[in-house]
Amino acid sequence: MLKTSRLTLKVATLEDAASMMKLNSDPEVVRYTGEAALHSIQEAQAVIRERLLPQFEKYQMGRFSVFLEDGTYIGWCGLRFFPETDEVDLGYRFMKQYWGQGYATEASRTCLEYGFEKLKLKRILAKSMPENIASLKVIQKMGMTFRGINTDPTEPHGFITYDLSAEEFQRCKK
Ligand SMILES: CC(C)(COP(=O)(O)OP(=O)(O)OC[C@H]1O[C@@H](n2cnc3c(N)ncnc32)[C@H](O)[C@@H]1OP(=O)(O)O)[C@@H](O)C(=O)NCCC(=O)NCCS
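Because the structure is predicted, anything quoted here is derived from the model rather than measured.

S.K.: Mind showing me how you'd approach the pattern of salt bridges here?
M.R.: Two side chains carrying opposite charge are able to pair once their charged atoms lie near each other. By the definition in use, this model includes eight salt bridges. Each of D26, E28 and K96 takes part in one network of salt bridges that share partners.

Listed below in structure tokens is the structure:
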């Protein structure tokens, strides 16, 4: 569990499935994610069971469920390990009514701190579609560096890659 001044980040449980389905059934929320909307609680439970929890079990990292102080689920934020490329990326997704209040920035900062200081990662990436201005802003607020625009023709969506090293993170913190 991670805590910030306004947020609590917890490993997802099956109890989060209904909220996660609501989050992912909003077309505006999934617009720039390249993912299909979730249409049932069973689908959301399968994502938690088969994708989220194994990440925490194997790699001690994953997408945390994010809650306000009063226990309201507002979305998720966290790190994901890609064994095929040996890379870790930062990701986030929040319900629309909570956008624009700095929550993604606050949650991302504590996830980066967890990745660099607890897991001792050397580098964390973030990827975003070029049209996703809000996401690009969060990435820039994290002090990440532009690394390139994906031109892989097998990828259905173009995206921009940024990264941050452990040294840069420590420098940004000062
Ligand atoms: C991306 C997302 C997580 C950002 O969450 P958030 O809590 O609103 O982010 P923050 O409030 O911390 O920061 C967003 C910044 O973008 C700015 N912003 C948002 N939309 C913008 C727009 N259309 N044009 C310019 N700036 C914009 C905000 O003003 C804020 O900047 P500021 O701090 O300088 O004012 C949220 O929009 C979301 O869940 N989107 C859908 C899922 C998604 O796209 N995830 C990322 C996939 S790569």
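That covers the picture; the talk isn't over yet.
S.K.: Got a minute to help me understand the site of the ligand in this structure?
M.R.: In the vicinity of the ligand, 19 residues are found, and the nearest of them are F94, G100, T105, N132 and K141. Y92 is positioned with one of its backbone polar atoms (N or O) 2.9 Å from a nitrogen atom of the ligand. In the environment of the ligand, an oxygen atom lies 2.8 Å from a nitrogen or oxygen atom belonging to the backbone of F94. Burial of the ligand by the protein amounts to 71% of the accessible area it has alone, namely 960 Å². Every element with two or more residues in the shell around the ligand is listed here: strand 5 (87-94), helix 4 (103-118) and helix 5 (133-141).

S.K.: Is there a simple way to think about the side chain of T161 in this case?
M.R.: Positionally, T161 belongs in strand 8 (residues 160-165). Exposure remark for T161: the relative accessible area of 15% places this residue in the buried category. Setting aside chain neighbours within four positions, we find T161 in contact with L125, A126, K127, T145, F146, R147 and G148.

S.K.: I would appreciate a short explanation of the environment of S19 in the present structure.
M.R.: Mapped onto the secondary structure, S19 falls in helix 1 (residues 17-24). For S19, the residues in contact, after removing those within four places along its chain, are Y73 and M95.

S.K.: Just to check I follow, could you spell out the nonpolar core for this structure?
M.R.: One recurring pattern in soluble globular proteins is that nonpolar side chains are buried together. Counting residues in hydrophobic clusters, the biggest one holds 51 residues, and the most contacted among them are L90, L112, I124 and M144. For this core, the element with the most residues is helix 4, which contributes seven residues. Not counting chain neighbours up to four residues away, the residues in contact with L112 comprise L90, I124, M142, M144, L164 and F169.

S.K.: What exactly am I supposed to notice about helix 4 here?
M.R.: In an α-helix, one turn spans 3.6 residues, which is why side chains three or four residues apart end up on the same side. Here helix 4 contains 16 residues, and its C-alpha end-to-end distance of 22 Å stays within 8% of the 22 Å for a straight helix at 1.5 Å per residue. Across the 16 residues that make up helix 4, a large majority, twelve, are buried. Burial in helix 4 covers these residues: Y103, A104, T105, E106, A107, S108, T110, C111, L112, Y114, G115 and F116. The positive-phi residue at the C-terminal boundary of helix 4 is K120, with phi of around 60°.

S.K.: What's the story with the environment of F67 in this structure? I'm lost.
M.R.: Summarising the element assignment, F67 is placed in strand 3 (residues 63-68). A C-alpha to C-alpha distance of 21 Å links F67 and A37, two positions 30 residues apart in sequence. Each residue touching F67, except ones within four places of it in the same chain, is listed here: R6, L7, T8, K10, D16, T72 and Y73.

S.K.: Teacher, can you tell me more about helix 5 here?
M.R.: Where helix 5 is concerned, the buried positions are S135, L136, V138 and I139. The buried residues of helix 5 all sit within an arc of 160° when viewed along its axis, so they share a single face. Looking at helix 5, the residues exposed on the side facing more than 90 degrees away from the buried face are I133, A134 and K137. On its buried face, helix 5 sits against strand 5, helix 4, strand 6 (123-128) and strand 8. Backbone geometry just after helix 5 places G143 at a positive phi near 80°.

Analysis parameters
- Residues numbered from 1 in each chain as written.
- Predicted model: local features only at pLDDT ≥ 70, side-chain atom pairs only at ≥ 80, totals over all residues.
- Heavy atoms only, no water.
- Salt bridge = Lys/Arg side-chain N within 4 Å of Asp/Glu carboxyl O.
- Near = heavy atom within 4 Å.
- Polar contact = N/O pair within 3.5 Å; in protein donor to acceptor, adjacent residues only side chain to side chain.
- Areas by Shrake-Rupley, 256 points an atom, 1.4 Å probe, with all protein chains shown as cover.
- Helix = DSSP H or I, 4+ residues; strand = E, 2+ residues; numbered from the N terminus.
- Buried < 20%, exposed > 50% of the residue type's maximum accessible area, 1.4 Å probe, protein only.
- Contact = heavy atoms within 4.5 Å.
- Core = buried A, V, L, I, M, F, W, Y, C linked by side-chain atoms within 4.5 Å.
- Expected span 1.5 Å × (residues − 1).
- Arc of directions from axis to C-beta.

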